[in-house]
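Structure at a glance
Single-letter residue listing:
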Amino acid sequence: RARLSLNVGAAKRQTLREQHVDGEPEVYVPGQEKRVFEKVRGLNHGPLSGDSICSIYREIMSASISLQSDVTVGYLGPAGTFSHQAAMKRFGDSLAYVPYARIEDVIVATAKEEITYGLVPIENSTFGTVVQTLDAFVLQPAVKIRAEVFLPVTQSLLSRYQLPAIRKVYSHPQAFGQSQRWLDQHLPNVPRVEVASTARAAELAATENYAAAIASEACASLYRLDVVAKDVTLAADNTTRFFVLGQSSDGPTGDDKTLLMFTVDHREPGALCGALNVFAKHRINQTAINSRPSRQRQWHYMFFVEITGHAQDTGVAQALEEIKAYCLDLVVLGSYPHQSY
């Protein structure tokens, strides 16, 4: 399989040369990856579970990708964050990983091609949208979404001290939101200090007296902390969705989603309603809608709408053309396969 992977890489480069296209070919093709996973799940009859089989194939594909090209994946660091875990889940153990201090830094590095792919959180099933990611898209709209990744998230309280001795808790705003009820009950009067990531919180808790962190259990071993309390999240099915970013999106797979970013003339009555009605006219489902300040002027907002379908699908392409009549700016941030696992 590894030899075949090398041959595939050589064939891709030859095709680009024949087309007089500069640059390296895409080595991570999420639609093709999804088909492989669906096929091996269908062929599997045990005794290993479908998840176990996919984990094995994930590492095979990771090693094959590393043979074809030097691939670097940026994520919100340091090591041990849920972003790090999601990147490893999607890309495996054979690629090079680069931690960044802020979500915006990951997106900027991807836009400047300092890394091959970037991975950023976009929303949590308990606490909602990660606004830092949407704000970074406003400033760096050139990157494209290639895939989505879902990661079950279990937060824990980590510290070198037992609960009665804790005087300060560090964590990311999302983690605080996911564990708010537990903290209100068990540490109601202890200050909560927001930091850039859960792993950064663990780093601080490991060095400060009477401090703790809300983070993953993986950070306990990384930063030599004790797990004072397990699973302090509000919901048992707490899950975070991430985006894989690159320079382009893949072609249609038949089961895709697309994220749009646009603004309308807020002085025009019904402008937003008119834009959204275009999707209803073409029977395109809207799976999420968010708004963030546009940074263009006060009280002016950028809307983020996720729809079903690929930007190259006939119905979606027609809708995107029609919606321009209502929009001052319209950016297709990417189309990506719908993930169900």
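Every value quoted in this text rests on a predicted model; they were computed, and no experiment measured them.

1. Focus on the overall build of the chain
Along the backbone of the chain there are 12 helices and 15 strands. Computed over its C-alpha atoms, the radius of gyration of the chain comes to 22 Å, within 12% of the 20 Å expected for a compact globule of 341 residues. Buried residues in the chain amount to 47% of all 341 residues. Partitioning the contacts of the chain with sequence separation of at least 6, the portion at a separation of at least 24 is 75%. Surface accessibility of the chain: about 16,400 Å² in total, with carbon and sulfur atoms responsible for 51%. Here the chain contributes 33 positively and 35 negatively charged side chains, and the mean placements of these two sets differ by 2 Å.

2. Details of the pattern of salt bridges
Within this structure, the stated rule accounts for 17 salt bridges. Linking R90 and E33 is a salt bridge whose minimum nitrogen-to-oxygen distance equals 2.9 Å. Residue R90 is located in helix 4 (residues 82-91), and its partner E33 is located in helix 2 (residues 30-43); the two are separated by 57 residues in the primary sequence. There is no split in this pair, since R90 and E33 are both buried. For the salt bridge of K324 with E321, the shortest nitrogen-to-oxygen distance reads 3.4 Å. Residue classification places K324 among the partly exposed positions, given a relative accessible area of 46%. Residue classification places E321 among the exposed residues on the basis of a relative accessible area of 52%. Several salt bridges share partner residues, and in doing so they unite E123, E148, R241, K257 and E306 into one network.

3. Some remarks on the sheet that holds strand 8 (residues 192-194)
Pairing is mixed across the open sheet formed by five strands, whose spatial order is 8-7-9-6-10. Of all the strands in the sheet, the pair left with one neighbour each is strand 8 and strand 10 (226-229). Sheet twist, expressed as the average angle between the axes of neighbouring strands with direction ignored, equals 35°. Bridge count for strand 7 (residues 168-171) against strand 8 is three bridges, and the pairing is parallel. Across the sheet, the residue bridging to S171 is E194, located in strand 8. The sheet strands contacting helix 9 (residues 198-207) are strand 6 (156-159), strand 7 and strand 9 (211-215), and the helix crosses strand 9 at an angle near 160°.

4. Considering the pairing of strand 12 (residues 256-264)
Most of strand 12 is tucked away: nine of the nine residues are buried. Here strand 12 shows a buried face lined by D256, T258, L260, F262 and V264 and a second buried face lined by K257, L259, M261 and T263. In the sheet, strand 12 pairs with strand 14 (residues 301-308) via six bridges, with the strands oriented antiparallel. If you follow L259 over to strand 14, its bridge partner there is E306.

About the thresholds
- Residues numbered from 1 in each chain as written.
- Predicted model: local features only at pLDDT ≥ 70, side-chain atom pairs only at ≥ 80, totals over all residues.
- Heavy atoms only, no water.
- Helix = DSSP H or I, 4+ residues; strand = E, 2+ residues; numbered from the N terminus.
- Rg over C-alpha atoms; globule rule 2.2 N^0.38 Å.
- Buried < 20%, exposed > 50% of the residue type's maximum accessible area, 1.4 Å probe, protein only.
- Contact = heavy atoms within 4.5 Å.
- Areas by Shrake-Rupley, 256 points an atom, 1.4 Å probe, with all protein chains shown as cover.
- Lys, Arg positive; Asp, Glu negative; His and termini not counted.
- Charge placed at Lys NZ, Arg CZ, Asp CG, Glu CD.
- Salt bridge = Lys/Arg side-chain N within 4 Å of Asp/Glu carboxyl O.
- Pairing = 2+ DSSP bridges.
- Axes fitted to C-alpha atoms, helices over the stretch in contact; angles between N-to-C directions.

Distances and angles like these do not, on their own, reveal function.
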